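Analysis of the macromolecular model
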Number of protein chains: 2
Amino acid sequence: MKLLEERIKKEGRVYPGGILKVDMFLNHQLDPKLMHSMAEEVQRLYSGTEITKIITVEASGIAFAIMVGYLMDVPVVFAKKHKSKNISDSVYSAEVPSYTHGNINTIVVSKEYLHSSDRVLLIDDFLATGAALVGMRSLVRQAGAECVGAAVAIEKVFQQGGNILRADGMRVESLAAVTAMSDDEVSFD
Amino acid sequence: MKLLEERIKKEGRVYPGGILKVDMFLNHQLDPKLMHSMAEEVQRLYSGTEITKIITVEASGIAFAIMVGYLMDVPVVFAKKHKSKNISDSVYSAEVPSYTHGNINTIVVSKEYLHSSDRVLLIDDFLATGAALVGMRSLVRQAGAECVGAAVAIEKVFQQGGNILRADGMRVESLAAVTAMSDDEVSFD
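Residues numbered from 1 in each chain as written. Chains lettered and ligands numbered in written order. Predicted model: local features only at pLDDT ≥ 70, side-chain atom pairs only at ≥ 80, totals over all residues. Heavy atoms only, no water.

With 100% of its residues at a pLDDT of 70 or more, chain A shows a mean pLDDT of 95. For this predicted complex, the interface score ipTM comes out at 0.95, alongside a pTM of 0.96. (pLDDT = per-residue confidence, 0-100.)

Our next topic: the interface of chain B and chain A. Taken together, the contacts link 33 residues of chain B with 33 residues of chain A. For the pair chain B and chain A, the summed buried surface comes to about 3000 Å²; carbon and sulfur atoms form 66% of the total. Three residues, His 28, Tyr 70 and Tyr 113 of chain B, lead the burial of chain B against chain A; their summed loss comes to 25% of the area buried on that side. Connecting chain B to chain A are two salt bridges. Between Glu 112 of chain B and Arg 13 of chain A there is a salt bridge, with its nearest N and O atoms 3.3 Å apart. Our enumeration of links across chain B and chain A arrives at 15 residue pairs in polar contact (both at pLDDT 80 or more). Taken together, the elements giving at least two residues each to the side of chain B that touches chain A come down to helix H2 (23–27), strand E3 (29–30), helix H3 (32–45), helix H4 (62–72), strand E5 (76–82) and strand E7 (104–110) of chain B. It is H4 of chain B that contributes the most residues to the side of chain B that touches chain A, six residues altogether. (Contact = heavy atoms within 4.5 Å. Buried area = accessible area lost by both parts, 1.4 Å probe. Salt bridge = Lys/Arg side-chain N within 4 Å of Asp/Glu carboxyl O. Polar contact = N/O pair within 3.5 Å; in protein donor to acceptor, adjacent residues only side chain to side chain. Helix = DSSP H or I, 4+ residues; strand = E, 2+ residues; numbered from the N terminus.)

Residue and element names in this part refer to chain A. Of the pockets and cavities examined, the second largest pocket occupies roughly 210 Å³. Lining the second largest pocket are His 82, Lys 83, Ser 84, Lys 85, Ile 87, Ser 93, Ala 94, Glu 95, Ile 104, Asn 105 and Thr 106. Of all the secondary-structure elements, those providing two or more residues to the lining of the second largest pocket are strand E6 (91–97) and strand E7 (104–110). Tallied by class, residues from the lining of the second largest pocket come to three nonpolar, five polar and three charged. (1 Å grid on protein atoms, 1.4 Å probe; cavity = no way out; pocket = protein on both sides within 12 Å on 5 of 7 lines; lining within 4 Å. Points joined across faces, edges and corners; volume = space filled by probe spheres on them. Nonpolar A, V, L, I, M, F, W, Y, C, P; charged D, E, K, R; others polar.)

Superposing chain B onto chain A takes a rotation of 180° combined with a translation of 0.0 Å along the rotation axis, leaving an RMSD of 0.0 Å. The symmetry that links the two subunits is that of a two-fold axis. Interface residue correspondence from chain B to chain A reaches 100%, placing this contact among same-surface, isologous pairings. (Least-squares fit on C-alpha atoms with pLDDT ≥ 70 in both.)

Between side chains of opposite charge, a pair can form when the charged atoms approach closely. Residue and element names in this part refer to chain A. Scanning all chains against the criterion turns up 24 salt bridges over all chains. A salt bridge links Arg 7 to Asp 31; its shortest N-O distance comes to 2.7 Å. Note that Arg 7 is positioned in helix H1 (residues 2–11) and Asp 31 in the loop between strand E3 (29–30) and helix H3 (32–45), a separation of 24 residues in sequence. Accessibility classification places Arg 7 together with Asp 31 in one group, the buried group. One continuous salt-bridge network, built from bridges that share partners, spans Arg 7, Glu 11 and Asp 31. (Buried < 20%, exposed > 50% of the residue type's maximum accessible area, 1.4 Å probe, protein only.)

As a further point, take the packing of aromatic side chains. Under the counting rule described, the total for this entry stands at zero aromatic pairs over all chains. It is Lys 33 of chain B that lies over the ring of Tyr 70 of chain A; its NZ or CZ is 4.5 Å from the centre. In this structure, Arg 171 of chain B is placed above the aromatic ring of Tyr 46 of chain B, and the distance from its NZ or CZ to the ring centre is 3.9 Å. (Phe/Tyr/Trp six-rings, centres within 6.5 Å; stacked < 30°, edge-to-face > 60°. Lys NZ or Arg CZ within 6 Å of the ring centre and 35° of its normal.)

For His 36 of chain A, the location among the structural elements is in helix H3. Setting aside residues up to four positions removed in sequence, His 36 of chain A forms contacts with Met 67 and Leu 71 of chain A together with Tyr 70 of chain B.

Right under this line is the structure:
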């Protein structure tokens, strides 16, 4: 998606360790019109696919997900990052290692909001190692629901998570596929 | 706003200690069409007011805020809950006691995304003690920007935070003003 790639080239910043900061429009400050355009692209990519629910992870996936949910007219559920070790029986849970922060988050979704009849689209801002998508897919599977695929804003292709998930049979769409990053340049597929 | 009040009456649940759970459509599962209608109401309430930026706090304010930002065509910045004690010089920060969780969160916004020329609308899902709005207003003031007011989805009027802020000169609009709650009923202003 050209619009997103251009914004990344213009406003994204590369930090040591393969970190791409897009705080200006996607992760801290949000550009609502861009989010809406991104959501339109997801709607186009998944047109013809029956979707009954969208799942994302707090916090930075929420804005993108709600725009997709609005256009598709389906509810959005955001998985919460769980703080305590005690996981209630009333939730589905999965462990998600964070590449950026070097820790492990447990994400949870209330059993009330995921049903075996659901056809779920996963939404997230970034795809790197794929850990967040694997965690969300696990929640969907625990509910006996079907994961129809994923849509992410930015895929860091060189970290392989997307390709591993595709090889595993998951449909993964990314709006901007970053193939290489250096201090002064971001390259796209 | 009738639509929101009806949803609260139908799907909200009251827990001991004055907790109103609206996980079904506002805090965990999100109803995008309802969010859009709520945002239209905020746009109507603040029509004629110049607004250059919207501030909210992660995570549950983000969906509402991005819809308002989309309709008003202004950027949205979500304040992050800061984990460590070390606050960088590059952010504005404020301490926000949480009524629900009984702890204190430090919220931060990068100095890059709040400027003295900004006219800021604060958005949040809940208003109870007013601590989150006070914290966000502090961020705005630290930047030398102007806080034009706040819009919240649900105000728990009996906790007085809204009235204290209004008495202090802040414009505070709530879409559903809960005056009383019991196990089997939620009453509105």
